[in-house]
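This is what each chain is made of:
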Amino acid sequence: MDPAQLKRNIQRVRNLPTLPPIVAKIEKLVESPTTSSAEVARVIAQDQVLSAKMLRMANSPFFGMSRKISSVTQALVILGFNVIKGLVLTTSVFEMMQHSVVGLWEHSLGSAAAARVIAARLGQAEVEEISVAGLLHDLGKVVLTVQLEPEVRDAIFGLVDEKKISFREAEQEVLGLTHTQIGLWLAEHWKLPETLSEPMTYHHHPERARQAPLQTAVVHLADIIIRARGFGSGGDPYVPPLSEAAWKLLGLSTNDFDAILEEIEPGLLNLADWV
Amino acid sequence: MIEKIPLDEARPGMILAQQLQRDDGLLLCQKGAELTENLLRVLTRLGFETIQIEVGQTETPAEQAARLARDEAEIEARFVRVASDPILAELKRALIQRLRRGVHGPGPA
């Protein structure tokens, strides 16, 4: 591809989707130390579609909450602002893409479920946040497939088929950058905390994570497990390589695989709660 | 056996014998899912008129063997690029064992 076209492609994907105004509004509120979660909840509750979706997500089997969350205030208190922000962003971005890439949505939900199960197994306190990190990790791919010209997008998919390489390798070859780079831009643009941005940026190289190595390692393994299980599509049919460093950090045993797969399974059967 | 029934005769607890998708291809639920009240509400809202449900045993032993072979080959294919990793080999083994026990993925248990 000639450099001018390459530059056009990069500008195109860098032109990130606009932040829903409500997120900016909430962000501003949260920056002030005197804001209470009740005030934030009030702003979210003003948007009925958003609050309904958020509550549905919070109560879905992907999060595996032991009790029902019935109000936005309760969701904020129990799940925390970062989780809520992650849910708002995911909803908005996937809405924008209108499921043009069937399989990515399922891959994201499956990764969220797998990340939750792994985090709980490790006794992590921030299970929901790690689950949202799983949900967000491939958001760069969504943006890529929405923003790029169809011919460029098709060229990436074509290369995966033709050369039997991963989607990430094909991205690199066609665009000179990958979805993790776009994930980083998205995270910076949306001022996501490192606990969410590092899994988005480093889920293929978890040893590079600095602030959130454990969260990144969990999402790395969740991605591998859900692809191995064969649920949704990350753009190619292959299980990605496992990072030895991440595996060591997690401290799991190969005997855990069966139990992890067993716990993930129920959440994968019914996705209609998310529609 | 698989039976096609009108949606208004479907009840929670029945087992779905087909994968359901929205018009735009979005996956709603997998084959083998149990019908829930919420799912039935969603299907009604989306305008589904009939669905296929499981009644009794559906597969002959030969069909079952063919399905297992097919699914196993699919798992093998996903792992071709990581074939030398001993840890991922264990993950593959766990998946194949689950498949043989009938607890993995869609399809009747």
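Here the structure is shown first, and the text comes after it.
Just so we're clear, the structure is a prediction, and the values are computed from it rather than from any experiment. The numbering scheme is per chain: residues are counted from 1 as the chain's sequence reads. Each chain takes a letter, starting from A, and each ligand takes a number, starting from 1, following the order in which they are written. Local features in this predicted model are restricted to residues whose pLDDT is 70 or higher, and side-chain atom pairs enter the listing and the counts only when it is 80 or higher, whereas totals over whole chains, interfaces and linings include all residues. Side-chain metrics in this entry use all non-hydrogen atoms of the structure; hydrogen atoms and water are not considered.

(A) Main features of the overall build of chain B. Secondary structure is summarised from DSSP: a helix means a run of H or I of at least four residues, a strand means a run of E of at least two, and numbering begins at the N terminus for each. Looking only at helices and strands, one finds three helices and four strands in chain B. Listing the helices and strands of chain B from first to last along the sequence gives β-β-β-α-β-α-α. Radius of gyration: over C-alpha atoms. The globule rule applied is 2.2 Å multiplied by the number of residues raised to the 0.38 power. Against the compact-globule benchmark of 13 Å for 109 residues, chain B has a radius of gyration of 17 Å, which places it well outside the compact range. Along the longest, intermediate and shortest principal axes, the C-alpha atoms of chain B span 50 × 30 × 20 Å. The proportion of buried residues among the 109 residues of chain B is 38%. Within chain B, contacts between residues at least 6 apart in sequence are counted, and of these 56% link residues at least 24 apart. Split by element, the accessible area of chain B, about 6200 Å² in all, is 50% carbon and sulfur. For the charge count, each Lys or Arg is scored as positive and each Asp or Glu as negative, with His and the chain ends excluded. Every charge is mapped onto a representative atom, which is NZ of Lys, CZ of Arg, CG of Asp or CD of Glu. Taking the average place of the 15 positive charges on the side chains of chain B and the average place of its 17 negative ones, the gap between the two points comes to 5 Å. Think of it in three bands: residues with accessible area under 20% of the maximum for their type are buried, residues over 50% are exposed, and the middle band is partly exposed, with areas taken using a 1.4 Å probe on protein chains only. Throughout, a residue-residue contact means that at least one pair of heavy atoms, one from each residue, lies within 4.5 Å. Accessibility throughout is a Shrake-Rupley quantity obtained with a 1.4 Å probe, and a residue counts as covered only by protein chains that appear here.

(B) Here's a closer look at the packing of helix α7 (residues 104-121) of chain A against helix α8 (residues 127-136) of chain A. Residues and elements named next belong to chain A. Here an angle of 0 to 180 degrees is reported between the N-to-C directions of two axes, which are lines fitted to C-alpha atoms, with helices fitted over the stretch in contact. With their axes 7 Å apart at the nearest point, α7 and α8 run at an angle of 150° to one another. As summarised for this structure, α7 and α8 are arranged roughly antiparallel, according to the angle between their axes. The element α7 and its partner α8 pack so that their crossing is right-handed. The segment α7 lies against α8, with Ser108, Leu109, Ser111, Ala112, Ala115, Arg116, Ala119 and Ala120 engaging Val127, Ile130, Ser131, Gly134 and Leu135. Considering only residue class, the contact of α7 with α8 consists of eight nonpolar, four polar and one charged. Here the angle decides the label: under 35 degrees means roughly parallel, over 145 means roughly antiparallel, 65 to 115 means roughly perpendicular, and every other value means oblique. Working rule for handedness: look at the near helix, and if it is turned counterclockwise from the far one by less than a right angle, call the crossing left-handed; if clockwise, right-handed. Gly counts as polar in this scheme, as do all residues outside two lists: the nonpolar Ala, Val, Leu, Ile, Met, Phe, Trp, Tyr, Cys and Pro, and the charged Asp, Glu, Lys and Arg.

(C) Up close: the packing of aromatic side chains. Only the six-membered ring of Trp is used, alongside the rings of Phe and Tyr, when aromatic pairs are assigned; centres must lie within 6.5 Å, and planes under 30 degrees apart are stacked while those over 60 apart are edge-to-face, with the rest tilted. All told, the structure shown has two aromatic pairs over all chains when counted by the stated rule. Note on Phe157(A) and Phe167(A): the rings are 5.2 Å apart at their centroids and 50° apart in plane angle, and the pair reads as tilted. Of the two residues, Phe157(A) sits in helix α10 (residues 150-163) while Phe167(A) sits in helix α11 (residues 167-175), which places them ten residues apart along the sequence. Two thresholds decide whether a charge sits over a ring: the Lys NZ or Arg CZ must be within 6 Å of the ring centre and within 35 degrees of the ring normal. The ring of Tyr238(A) is capped by Arg81(B), whose NZ or CZ atom sits 5.4 Å from the centre of that ring.

(D) Molecular detail of the interface of chain A and chain B. If you look at the interface, chain A gives 36 residues, while chain B gives 35 residues. The junction of chain A with chain B conceals about 2900 Å² of combined surface from both sides, 61% of it contributed by carbon and sulfur atoms. Between Lys or Arg on one side and Asp or Glu on the other, a salt bridge is scored when a side-chain nitrogen of the former is within 4 Å of a carboxyl oxygen of the latter. The tally of links from chain A across to chain B stands at four salt bridges. Across the salt bridge formed by Asp258(A) and Arg101(B), the nearest N and O atoms sit 3.3 Å from each other. Between N or O atoms, a polar contact is any pair within 3.5 Å; within protein, one atom must be a potential hydrogen donor and the other a potential acceptor, and residues adjacent in sequence are included only when both atoms are from side chains. Where chain A meets chain B, there are ten residue pairs in polar contact (both at pLDDT 80 or more). Listing elements by their share of the side of chain A that touches chain B, those giving two or more residues are α7, α14 (213-229) and α16 (256-269) of chain A. Per-element tally for the side of chain A that touches chain B: the top contributor is α16(A), with seven residues. Each residue belonging to the side of chain A that touches chain B can be placed in one class, and the counts come to 21 nonpolar, six polar and nine charged. For any pair of parts, buried area is found by adding up, for both, the accessible area (1.4 Å probe) each one loses once the two are put together.

(E) Just the environment of Ala77(B), in detail. All names here are of chain B. On the secondary structure map, Ala77 appears in helix α2 (residues 61-78). Looking at Ala77, the relative accessible area reads 41%, which means it is partly exposed. Once the C-alpha coordinates of Ala77 and Leu95 are considered, the two residues, 18 residues apart in sequence, prove to be 13 Å apart.

(F) Representation of empty space enclosed by the protein within the structure. Residues and elements named next belong to chain A. For each structure, a 1 Å grid was placed over the protein atoms alone; sets of points admitting a 1.4 Å probe that cannot get out are labelled cavities, open sets with protein on both sides within 12 Å along at least five of seven lines are labelled pockets, and lining residues have an atom within 4 Å of a point. Grid points are joined across faces, edges and corners, and a volume is the space filled by probe spheres set on the points. A full pass over the atoms with the stated rule returns one cavity of 30 Å³ or more. Looking at the largest cavity, its volume works out to about 40 Å³. Lining the largest cavity are Val23, Ile26, Phe81, Ile84, Lys85 and Val88. Sorting elements by how many residues they give to the lining of the largest cavity places helix α6 (residues 81-97) first, with four residues. Among the residues making up the lining of the largest cavity, the classes are represented as five nonpolar, no polar and one charged.

(G) Region of the structure containing the side chain of Glu72(B). Positionally, Glu72(B) belongs in helix α2. With sequence-adjacent residues up to four places away left out, Glu72(B) is seen in contact with Ile96(B), Leu99(B) and Arg100(B).

(H) Focus on the environment of Gln215(A). Residues and elements named next belong to chain A. Among the secondary structure elements, Gln215 is positioned in helix α14. In this structure Gln215 comes out as buried when scored by relative accessible area, which is 14%. Considered as a pair, Gln215 and Gly134 are 81 residues apart in the sequence and their alpha carbons are 9.1 Å apart. Non-local contacts of Gln215, meaning those with residues more than four positions away in its chain, are made with Ile130, Thr195 and Pro199.

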